[in-house]
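Now for the letters of each chain:
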Amino acid sequence: MDLPTLTEVRLPASRADLALSATVVPLGGGTWLYSEPQPHLTGLVDLTALGWTPWERRDDGGLSIAATCTIAQLVAIPHEWAAAPLFRRCAESLLQSFKVWRTATVGGNIATALAAGAMIALGAALDAELVIWTPDGGERRQRVEDFVLAQRATTALPGEVVRSIELAPGPLSAVTGFRRISLAALGRAGTVVIGRRDADGGFVLCVTGGTVRPEVLRYAAPPAASALADDVGALTTWFTDAHGAADWRRAMSVRFAEELRQELGA
Ligand SMILES: Cc1cc2nc3c(=O)[nH]c(=O)nc-3n(C[C@H](O)[C@H](O)[C@H](O)COP(=O)(O)OP(=O)(O)OC[C@H]3O[C@@H](n4cnc5c(N)ncnc54)[C@H](O)[C@@H]3O)c2cc1C
């Protein structure tokens with residue numbers, strides 16, 4: 001789609017060239033930006049021009065994923081971590097064509113803050129921390145689960161840029177399980193539920209897709225079936241749209257949570 005209010009699409013050579021504002025915003029893959037009208041925008045700054053390495057192993061055994069890493073590059077990361085199969089499970093839960101797959105970025109998906117944000121699911125389930133560049137030249141860090149506030153709402157302020165998604169070695173070495181359902185075979189996710197069993201026995205359950213923001217429940221050990229069902233059922237952020245009713249989303253999430261509790265060794 002043409003964006004007729006744009007007067008510039010800049011290619012920055014360095015961080016100093018970003019010069020973002022409320023109307024001049026980062027361009028990742030552009031798959032969302034160019035999919036609907038953006039009458040409030042006057043400029044885009046193409047982050048891919050900065051040439052960030054898509055992903056790097058960290059010295060502590062963790063993984064640093066650049067915000068500009070595409071979905072295709074993410075699923076090509078070697079499976080060196082127990083949780084790595086989750087990368088593809090989440091990527092495939094995106095309702096997308098091959099064009100989106102090769103172009104959409106991990107940072108763009110998180111910053112868009114859709115309930116069906118598959119990279120939000122991945123990041124929230126693995127306690128990922130975002131490195132966010134601030135306009136004053138500094139940076140701040142925030143977990144994905146705290147960054148996404150609601151549909152299309154994040155804590156990002158004008159001028160801020162997600163630089164990377166940081167995954168620590170602990171969650172990366174966890175065993176995970178994944179459930180997703182949609183009303184249509186190729187439909188947008190009604191709910192996505194991810195379970196995680198950490199090496200120390202801890203159990204984490206992450207719900208996205210059916211809730212307007214990522215919901216993460218944490219336990220020192222897998223809880224009793226009734227306690228988990230109560231906790232999932234008590235979440236208050238279910239929503240209704242064309243892709244599912246709130247009560248169906250809650251019911252399916254409760255069911256999936258129990259399946260994952262059993263699968264991950266309750
Ligand atoms: C056919 C199709 C199917 C889709 N299906 C889904 C789906 O199932 N689930 C889903 O969540 N989305 C879906 N989308 C929406 C969108 O394409 C994806 O969310 C995609 O991952 C966005 O990534 P991008 O890099 O293209 O973002 P862009 O379009 O480049 O940017 C999206 C937003 O994020 C901001 N942004 C980009 N990068 C950064 C950064 N590093 N720091 C700060 N802000 C940034 C931009 O300014 C913009 O506001 C779909 C889109 C299409 C066209």
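Here, residues in each chain are numbered from 1, in the same order as that chain's written sequence. Note on the predicted model: pLDDT of at least 70 is required for a residue's local features to be given, and 80 or more for side-chain atom pairs to be given and counted; whole-chain, interface and lining totals, by contrast, use all residues. Hydrogens are left out, water is left out, and the side-chain values use all remaining heavy atoms of the structure.

Enquirer: Looking at this structure, I do not really get the overall build of the chain. What am I missing?
Expert: Under the scheme used here, helices are H or I runs from DSSP no shorter than 4 residues and strands are E runs no shorter than 2 residues, and both carry numbers assigned from the N terminus. When its secondary structure is counted, the chain shows 9 helices and 14 strands. Whereas a compact globule of 266 residues would reach a radius of gyration of roughly 18 Å, the chain reaches 18 Å, a difference of no more than 12%. Each of the three principal axes of the chain carries a C-alpha extent, and together these read 55 × 45 × 30 Å. We call a residue buried when its accessible area falls under 20% of the maximum for its residue type, exposed when it is over 50%, and partly exposed in between, using a 1.4 Å probe and counting protein chains only. Buried positions account for 50% of the 266 residues belonging to the chain. Here, residues are in contact when the closest pair of their heavy atoms is within 4.5 Å. Counting only contacts in the chain whose residues sit at least 6 apart along the sequence, the fraction spanning at least 24 positions is 59%. As displayed, the chain has an accessible area near 11,600 Å², and 54% of this comes from carbon and sulfur atoms. C-alpha atoms define the radius of gyration in this analysis, and the globule rule sets the expected value at 2.2 Å times the number of residues to the power 0.38. Calculation of accessible area relied on Shrake-Rupley with a 1.4 Å probe; when residues are assessed, cover is drawn exclusively from the protein chains displayed.

Enquirer: Mind showing me how you'd approach the site of the ligand here?
Expert: If even one non-hydrogen atom of a residue comes within 4 Å of a molecule or strand, that residue is called near it. Neighbouring the ligand are 25 residues, the closest being P26, G29, T31, L95 and T105. Polar contacts, as used here, are pairs of N or O atoms within 3.5 Å; protein pairs need one atom able to donate a hydrogen and one able to accept it. Residues neighboring in sequence count only if both atoms are side-chain atoms. Between the ligand and the protein, one listed contact pairs an oxygen atom with a backbone N or O atom of G117 at 3.4 Å. The protein chains hide 88% of the 960 Å² of surface that the ligand would expose on its own. Only β2 (24-27), α4 (106-112) and β10 (161-167) provide two or more residues apiece to the shell around the ligand. The leading source of residues in the shell around the ligand is α4, at 4 residues. Under the convention adopted here, Pro, Cys and the residues Ala, Val, Leu, Ile, Met, Phe, Trp and Tyr are nonpolar, Asp, Glu, Lys and Arg are charged, and Gly plus all remaining residues are polar. A per-class count over the shell around the ligand returns 16 nonpolar, 9 polar and no charged. Segmentation into domains, and thus their bounds, comes from an automatic or database assignment. Looking at which domains feed residues into the shell around the ligand, each of domain 1 (8-47) and domain 2 (54-168) supplies at least three.

Enquirer: Hey, could you run me through the UniProt feature "domain: FAD-binding PCMH-type" (unreviewed entry) in the chain in this one?
Expert: UniProt positions are given in the numbering used here, feature names are shortened, and annotations may be inferred rather than shown by experiment. UniProt annotation of "domain: FAD-binding PCMH-type" (unreviewed entry) refers to residues 1-172 when read in the numbering used here. Between the C-alpha atoms that bound residues 1-172 there is a distance of 38 Å. The span itself is 25% helix and 23% strand.

Enquirer: What is the right way to read the environment of A16 from this model?
Expert: For A16, the position within the fold is in the loop between β1 (8-10) and β2. Residue classification places A16 among the exposed residues on the basis of a relative accessible area of 71%.

Enquirer: What exactly am I supposed to notice about the nonpolar core here?
Expert: Most often, soluble globular proteins keep nonpolar side chains buried together rather than apart. By size, the foremost hydrophobic cluster in this structure holds 55 residues, and its most contacted members are L74, F87, I110, M119 and I194. Considering every element that reaches this core, the biggest residue donor is helix α5 (residues 118-125), with 7 residues. With residues up to four places along the chain from it excluded, the contact list for I194 reads L86, C90, A121, A125, G177, F178, V204, L205, C206 and L260. In these notes, a set of buried Ala, Val, Leu, Ile, Met, Phe, Trp, Tyr and Cys residues joined through side-chain atoms within 4.5 Å is what counts as a nonpolar core. Counting 15 residues, the second largest nonpolar core, distinct from the first, contains F203, V207, F256 and A257.

Enquirer: How should I be thinking about the packing of helix α8 (residues 225-233) against helix α9 (residues 246-263) in this particular structure?
Expert: When two helices pack together, their arrangement is given by the angle between their axes and by how far apart the axes lie. Every angle, taken between N-to-C directions, lies between 0 and 180 degrees, and every axis is a line fitted to C-alpha atoms, over only the stretch in contact when it is a helix. Orientation of α8 relative to α9, taken along the N-to-C sense of each, is 145°, at an axis distance of 9 Å. Handedness of the crossing formed by α8 with α9: right-handed. In this structure, α8 contributes A225, L228, A229, V232 and G233 to the contact, and α9 contributes R250, S253, V254, A257, E258 and R261. Looking at the contact of α8 with α9 residue by residue, the classes come out as 6 nonpolar, 2 polar and 3 charged. Rotating anticlockwise by less than a right angle from the far helix to the near helix defines a left-handed crossing, while the corresponding clockwise rotation defines a right-handed one.

Enquirer: Sorry, what's going on with the sheet that holds strand β5 (residues 63-66) here?
Expert: In sheet architecture, strand pairing relies on hydrogen bonds along the backbone and comes in two forms, parallel and antiparallel. Being paired, for any two strands, means DSSP has found at least two bridges between them. The 5 strands are arranged β4-β5-β10-β6-β7 in an open sheet whose pairing can be described as antiparallel. Two strands lie at the open edges of the sheet, namely β4 (55-57) and β7 (139-143), each paired on one side alone. Along the sheet, successive strands turn relative to each other by an average axial angle of 25°, direction set aside.

Enquirer: Quick question: what am I supposed to make of the pattern of salt bridges here?
Expert: A side chain of one charge can pair with a side chain of the opposite charge if their charged atoms are brought near each other. Salt bridges are defined by distance alone: a side-chain nitrogen of Lys or Arg within 4 Å of a carboxyl oxygen of Asp or Glu. Scanning the entire structure with this criterion turns up 19 salt bridges. For the salt bridge of E263 with R179, the shortest nitrogen-to-oxygen distance reads 2.7 Å. In this pair, E263 is assigned in helix α9 and R179 in strand β11 (residues 175-181), connecting sequence segments 84 residues apart.

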